[in-house]
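# Architecture at a glance
Single-letter residue listing:
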Amino acid sequence: MVYLRSTLFQILFYTSTFLLMVLFSPALVLPRKWGWWVVPFWSRFNLVLLRLVVGLRVEVRGRENIPDGGYIVASKHQSAWETFALIREFPDPTYILKRELRWIPIFGWYTAKFRQIPINRGKRSAALVALLASAKEAIAENRQILIFPEGTRRPVGGEPKYKYGIAHLYRDLHCPVLPVALNAGVFWPRASWMVYPGKVIVEILPPIPPDIPADEFHRQLVDTIEGASVRLCEEARQEKPLSPVLARLQVKPASAGE
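Residues numbered from 1 in each chain as written. Predicted model: local features only at pLDDT ≥ 70, side-chain atom pairs only at ≥ 80, totals over all residues. Heavy atoms only, no water.

### Details of the overall build of the chain
In plain terms, the rule: Numbering of helices and strands runs from the N terminus; a helix is a DSSP stretch of H or I covering at least four residues, while a strand is a stretch of E covering at least two. Atoms counted for the radius of gyration: C-alpha only. Globule rule: 2.2 Å times the number of residues to the power 0.38. Partly exposed residues are those whose accessible area sits between 20% and 50% of the maximum for their type, while under 20% is buried and over 50% is exposed, using a 1.4 Å probe and protein chains only. By definition in these notes, contact holds between two residues if any of their heavy atoms fall within 4.5 Å. Areas reported here follow the Shrake-Rupley algorithm with a probe of radius 1.4 Å; residue values treat only the protein chains shown as occluding. Under the counting rule used here, the positive set is Lys and Arg, the negative set is Asp and Glu, and His together with the chain ends is not counted. The atoms used to mark charge sites are NZ of Lys, CZ of Arg, CG of Asp and CD of Glu.
Regarding its fold elements, the chain presents 9 helices and 7 strands. At 18 Å, the chain has a C-alpha radius of gyration in line with the 18 Å of a compact globule built from 258 residues. Expressed as a percentage of the 258 residues in the chain, the buried residues total 51%. Considering only contacts in the chain between residues 6 or more positions apart, those separated by 24 or more positions represent 76%. Counting every atom, the chain has about 12500 Å² of accessible surface; 61% of that belongs to carbon and sulfur. Mean positive and mean negative side-chain charge positions of the chain (33 and 22 charges, respectively) differ by 8 Å.

### Observations regarding the nonpolar core
As a reminder, the rule being used: Among buried residues, those of type Ala, Val, Leu, Ile, Met, Phe, Trp, Tyr and Cys that are joined through side-chain atoms within 4.5 Å constitute a nonpolar core.
In this structure, Phe-9, Leu-50, Trp-81, Phe-84, Tyr-110, Trp-188 and Val-202 are the most contacted members of the largest nonpolar core, which totals 52 residues. Sort the elements by how many residues they give to this core and helix H3 (residues 38-54) lands first, with 8 residues. Apart from residues lying up to four places away in sequence, Tyr-110 is in contact with Leu-20, Met-21, Phe-24, Ser-25, Leu-28 and Val-38. Counting 27 residues, the second largest nonpolar core, distinct from the first, contains Ile-96, Ile-117, Cys-175 and Ile-225.

### Here's the deal with the pattern of salt bridges
Pairing of side chains with opposite charge becomes possible as their charged atoms draw close. Filter applied, for reference: For this document, the term salt bridge refers to a Lys or Arg side-chain nitrogen within 4 Å of an Asp or Glu carboxyl oxygen.
Under the defined criterion, the tally for this structure stands at 15 salt bridges. A salt bridge links Glu-137 to Arg-115; the shortest N-O distance between them is 3.2 Å. Residue Glu-137 is located in helix H6 (residues 124-140), and its partner Arg-115 is located in the loop between helix H5 (107-113) and strand E4 (117-119); the two are separated by 22 residues in the primary sequence. Residue class for Arg-115 comes out partly exposed when judged on its relative accessible area of 31%. Put simply, Glu-141 and Arg-115 hold a salt bridge, and the shortest N to O gap is 2.7 Å. You can see Glu-141 sitting in the loop between H6 and strand E5 (144-147) and its partner Arg-115 sitting in the loop between H5 and E4, a full 26 residues away along the chain.

### With respect to the packing of helix H1 (residues 2-23) against H3
For clarity, the cut-off: To get an axis, fit a line to the C-alpha atoms, keeping to the stretch in contact for a helix; angles then go from 0 to 180 degrees between the N-to-C directions. When an angle is under 35 degrees it counts as roughly parallel; over 145 it counts as roughly antiparallel; between 65 and 115 it counts as roughly perpendicular; any other value is oblique. Left-handed is the label given to a crossing in which the near helix is rotated counterclockwise from the far helix by less than a right angle, and right-handed is the label when the rotation is clockwise. The classification used treats Ala, Val, Leu, Ile, Met, Phe, Trp, Tyr, Cys and Pro as nonpolar, Asp, Glu, Lys and Arg as charged, and all other residues, Gly among them, as polar.
Running from amino to carboxyl end, H1 crosses H3 at an angle of 160°, the nearest separation of the two axes being 10 Å. The orientation of H1 relative to H3 falls into the category roughly antiparallel. The hand of the H1/H3 crossing is right-handed. Contacts from Arg-5, Leu-8, Phe-9, Leu-12, Phe-13, Ser-16, Thr-17 and Leu-20 in H1 reach Phe-41, Trp-42, Phe-45, Asn-46, Leu-49, Leu-50, Val-53 and Val-54 in H3. Of the residues contributing to the contact of H1 with H3, the split by class is 12 nonpolar, 3 polar and 1 charged.

### Thoughts on helix H7 (residues 165-173)
Condition: Taken from the helix axis, the directions to the C-beta atoms give the arc we talk about.
Where H7 is concerned, the buried positions are Ile-166, Ala-167, Leu-169, Tyr-170 and Leu-173. Looking straight down H7, one finds its buried side chains confined to an arc of 160°; they lie on one side. Looking one or two residues past H7, His-174 carries a phi angle of roughly 55°, positive in sign.

### A word on the packing of H7 against helix H8 (residues 214-235)
Closest axis-to-axis distance for the H7/H8 pair is 9 Å, and the angle between their directions is 125°. In terms of axis orientation, H7 runs oblique to H8. By crossing handedness, the relation of H7 to H8 is classed as right-handed. Across the interface between the two elements, Ile-166, Ala-167 and Tyr-170 from H7 touch Ala-214, Phe-217, His-218 and Leu-221 from H8. The class makeup of the residues in the contact of H7 with H8 is 6 nonpolar, 1 polar and no charged.

### What to know about the side chain of Ser-243
Its location among the elements puts Ser-243 in the loop between H8 and helix H9 (244-247). By relative accessible area, Ser-243 is classed as buried at 2%.

### So, unusual backbone geometry
Each neighbour pair has its own omega, and for Lys-240 with Pro-241 the value is 0°, a cis peptide bond. By the element assignment, Pro-241 lies in the loop between H8 and H9. Even without a glycine there, the phi angle at Ile-106 is positive, about 70°. Within the secondary structure, Ile-106 is located in the loop between strand E3 (93-98) and H5. For Arg-115, which is not glycine, the phi dihedral falls at a positive 55°.

Written as structure tokens, this is what we have:
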């Protein structure tokens, strides 16, 4: 039954995403702020699909920690879930995403229209210069820059691999960083067709103030996100039925030095 529900969700997810992009394509000719509503609508639509088809619910904690204005959102990355689900939590977000997504027909047009920030991983120095320029512009416009500091999805219980680029960005932008912990990978594992019922918990943690020394900031960010994410994965053991991800794994706290 879980396999059938996962298959139905995956079919509906990709089909509805394509149909919604076509249906809402007139938004591509509107001013960005006028057309932005289609993106959080898509995010909420997918969350409804997950709840109705798979039985995957959501709990968000710590919304009171969200500051005003422009800042960086640094999120744990375990699943495809957070690539769309976090959009609804912030007023004017922009993702840092790999440049190749801009080349996907229709989807790429939306990323360009709503000024998501592409990065060319093949040209590291030039990419960092372009990224910093776009990020400074976004912060000046009081937008929220969503970034996954590990760069790619990591398995639940896997060794954290946070890249140092987030520290460079933090140092140069002189703005707060809002850490986000979650346990989405327990229910929608990376590179998996299966989506399991349960409750994804997102915890928005207190912001890290600007202008802390970069090394100290990086350690604090990793320890904060990892400690909370491990705790949330352990909390997911209370869900019945137990996710097979946790059934196969004894989750142990991971530290920045591991």
